[in-house]
Amino acid sequence: MVLGCLLDGESLVRWLALCALAALSCALERGRPPPTADLVLHNGKVFVAAGSVSTAVAIRGERVVAIGEQAERLIGPSTRVVDLRDKLATPGINDAHCHLGSGGLSMLDVDLRGASSLAEVESRVRAGVAHASSGEWITGRGWDQTRLPASELGPGGWPTKSVLDRAAPGHPVFLRRVDGHTGWANSRALQLAGIDARTADPDGGQIVRDARGEPTGILKEKAQLLVASAVPPPSPQKLRRGLLAALDLASRTGVTSAQTEVDAAQLAIYRALREEGRLTVRIYGWLPLTLQTVREFEGRRERAPSGDAWLRLGLVKAYADGTLGSRTAYMLEPYADDPSTRGIQRIRQEEMDALVLAADRAGLQVAVHAIGDAANREALDAIERSRLAAARRGARHRIEHAQVLDAADIPRFARLGVIPSMQPTHATSDMRWAEQRIGRKRAEEGAYAWRKLLDARASVAFGSDFPVEPLDPVEGLYSAVTRQSRERPGTPPGGWLPSERLSMEEALALFTAGSAYAEFQETEKGTLEPGKLADLVVWDRDLLTVPPDQILRAKPVLTVVGGRPVYEASRN
Ligand SMILES: [Zn+2]
């Protein structure tokens, strides 16, 4: 730790490599073989880094010490040896954008993903009621009105509170849409939140109403807060159960690092789990970008990133807009399927500029949630102005999602050193309706345009946005490589906007090295080069060569973090 403070990451790795070399030459001089490895994976294929494949990798302690033939030579009597035949070892997946806290809780909540009728919603809510105590809040998420029959929808094309009143008459119910930007409440929840026909729409939000002005139960954007603030926070025990469920899911799916939303309660749990030796995923947490957060970091004299290889802070996140699904993404031109709106701008430009500049001056890394082309421009403008004012370089500010870009803004990412932190599953979930929202021309110009961003030399990072999308990275890899449906693989033929497809090698690199760069950890992880942390996954098939339809079936057989197996299929 002391060294970690004195040296930056790169010098530390070099220093460690020198130590390893010194130990090796020392052992050779005395005529003894070098110390053997704790774990060697061999006889197969090791994806070391983009453009570099090997046959073996050796690990000692928490680090990779050798690859290829050199790794074989480190096999000793006490080395655990794993046969990689027909399998593929890759660096551990680093999910650059997820919400492990809410995702973990959602694993304990009513799950409405895929529900395609109100009857199905009703029966899933009823099942949640069966496990709840009397009068307890029923919370859930994952519903998507575009999957429900139009005949079952009410005002504005949204479902209404009546089905939830039927399903849970004695409980307040609050269900978030799959993107988290629209809420669906029943009458009891509206009553507890004090919402009725006289309640005005809050700033940056909307209460959907019927012809008589009565709230229908649908709350958009900031209007959700009216109900959400009436929901009692989860107990620390429940939050811990949720996080453990999410960490377990991560290990099972090959995720060894997560860049995730955190709050004080979650940080306390991560610290406790670490003490107990139960933290199995490396965490880079983001806090909300407010002037208060910035002042707190300044007070502790913490710059980005602070912490150690297991738990780090320094990322602060602001929201520029909503989502395309809810038509709250902030667009330069009106929506193609609703010309009355350009979406919702969540923060005025001046306010965004001030926040980014404050964080920049405090040495923090900024992440701006931006989906629409106007929101992306707003974020890029704020970062550009801050760069001029603070004259800071290498800040690696990021735009989360960067979903719809105006062509003129694509080259600005590389020029300003802004990282597009993207989620390939969003493209293959949204392609069902994205062109209705924005039309063909805008889609071709810059929708989910990771290939165009790479060609413009941007450093792209990949993540899942769990629980909006599954945490399982094979879903993202498949989406990036095929741009085809995960529910109906092979459609549309050739993929949606196929010129944006990546090779598997490129997609893996963005989920590993790309994400590591996005959190200032490229000298520590993201590849399996000697000296790096031994975070890796062994997949049950060779992702680099299997036909696309097999990608979704790939599963980890072994997940290793810091040299320690955290998941083994054979032991489950
Ligand atoms: Zn997110």
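Residues numbered from 1 in each chain as written. Predicted model: local features only at pLDDT ≥ 70, side-chain atom pairs only at ≥ 80, totals over all residues. Heavy atoms only, no water.

### What to know about the overall build of the chain
Here is the rule: In this description a helix means any DSSP run of H or I spanning at least four residues, a strand means any run of E spanning at least two, and both kinds are numbered starting from the N terminus. Burial status follows relative accessibility: with a 1.4 Å probe on protein chains alone, a residue under 20% of its type maximum counts as buried, one over 50% as exposed, and anything between as partly exposed. Only heavy atoms matter for contacts: two residues are in contact if any of them lie within 4.5 Å across the pair. Residue exposure ignores everything except the shown protein chains as possible cover, and the areas themselves are Shrake-Rupley values with a 1.4 Å probe.
The number of helices and strands found in the chain is 20 helices and 25 strands. Across its three principal axes, the chain shows a C-alpha extent of roughly 90 × 55 × 50 Å. Burial status across the chain gives 55% buried among its 572 residues. Within the chain, counting contacts between residues at least 6 apart in sequence, those at least 24 apart form 72% of the total. With an accessible surface of roughly 23100 Å², the chain has 52% of that area assigned to carbon and sulfur atoms.

### A word on the sheet that holds strand β24 (residues 556-561)
To keep it simple, the criterion reads: For two strands to pair, DSSP has to find at least two bridges joining them. Lines fitted to the C-alpha atoms define the axes, with helices restricted to the stretch that makes contact. Angles between their N-to-C directions range from 0 to 180 degrees.
What the six strands build is an open sheet, ordered β3-β2-β7-β23-β24-β25; its pairing is mixed. Edge positions in the sheet fall to β3 (52-54) and β25 (564-568), since each has one partner strand and no second. Averaged over all pairs of adjacent strands, the angle between strand axes in this sheet comes to 20 degrees, irrespective of strand direction. In the sheet, strand β23 (residues 536-539) pairs with β24 via four bridges, with the strands oriented antiparallel. Bridge pairing in β24 links Leu-536 to Val-560.

### Describing the coordination of the zinc ion
Let me state the cut-off plainly: Here a donor is an N, O or S atom found within 2.8 Å of the metal, or within 3.2 Å if the metal is Na, K or Ca; sites may look incomplete because water is not among the atoms.
For the zinc ion, the protein coordination sphere consists of His-97 (NE2), His-99 (NE2) and Asp-465 (OD), at 2.0 to 2.1 Å. Each donor residue of the zinc ion belongs to the same chain, with the gaps between them written as H-x1-H-x365-D. Taken individually, His-97 and His-99 each receive the classification buried, so the pair is uniform in this respect.

### Some words on the nonpolar core
Generally speaking, soluble globular proteins have nonpolar side chains that are buried together. Cut-off, in case you're wondering: For this analysis, a nonpolar core means a set of buried residues of the types Ala, Val, Leu, Ile, Met, Phe, Trp, Tyr and Cys, connected via side-chain atoms within 4.5 Å.
Ranked by size, the top nonpolar core spans 97 residues in total, and within it Leu-100, Tyr-270, Leu-324, Phe-413 and Phe-462 carry the most contacts. With six residues, the top contributor of residues to this core is helix α13 (residues 373-390). If near-sequence neighbours (up to four positions away) are discounted, Phe-462 is found in contact with Asn-94, Asp-95, Ala-96, Met-422, Pro-424, Trp-450, Ala-480, Leu-502, Ala-507, Leu-510, Phe-511 and Ser-515. Formed by 20 residues, the second largest nonpolar core is a distinct cluster that contains Leu-118, Val-121, Trp-143 and Ala-168.

### Describing the pattern of salt bridges
Applied cut-off: Put simply, a salt bridge is a Lys or Arg side-chain nitrogen that is within 4 Å of an Asp or Glu carboxyl oxygen.
The final tally for this structure, using the stated rule, is 46 salt bridges. For Arg-113, the salt bridge identified is with Asp-111, shortest N-O distance 2.9 Å. For Asp-111, a relative accessible area of 34% gives the class partly exposed. In this structure, Asp-144 engages Arg-432 in a salt bridge whose closest nitrogen and oxygen atoms are separated by 3.4 Å. One end of the pair, Asp-144, is in the loop between β10 (138-143) and α6 (162-167); the other, Arg-432, is in the loop between α15 (424-430) and α16 (434-446), and 288 residues separate them in sequence. Judged by relative accessible area, which is 36%, Arg-432 ranks as partly exposed. Ionic contacts of the salt-bridge type, sharing partners, join the residues Asp-144, Arg-147, Arg-177, Asp-179, Arg-432 and Glu-487 into one network.

### Some points on the confidence of the model for the chain
To keep it simple, the criterion reads: Each residue carries a pLDDT value, the predictor's own confidence for that position, ranging from 0 to 100.
Across the chain, pLDDT averages 93, with 94% of residues at or above 70. Ignoring residues within four places in sequence, the model shows residues 1-10, a span with pLDDT below 50, making nine contacts including any to other chains.

### Thoughts on the environment of Gly-180
With respect to the helices and strands, Gly-180 occurs in the loop between β11 (173-177) and β12 (182-185). For Gly-180, a relative accessible area of 19% corresponds to the buried category. Taking the C-alpha atoms as reference points, Gly-180 and Pro-467, 287 residues apart in sequence, are found 9.3 Å from one another.

### Brief notes about the side chain of Glu-568
Tracing the backbone through its elements, the reader meets Glu-568 in strand β25. Apart from the residues within four sequence positions on either side, Glu-568 is in contact with Arg-80, Val-557 and Leu-558.

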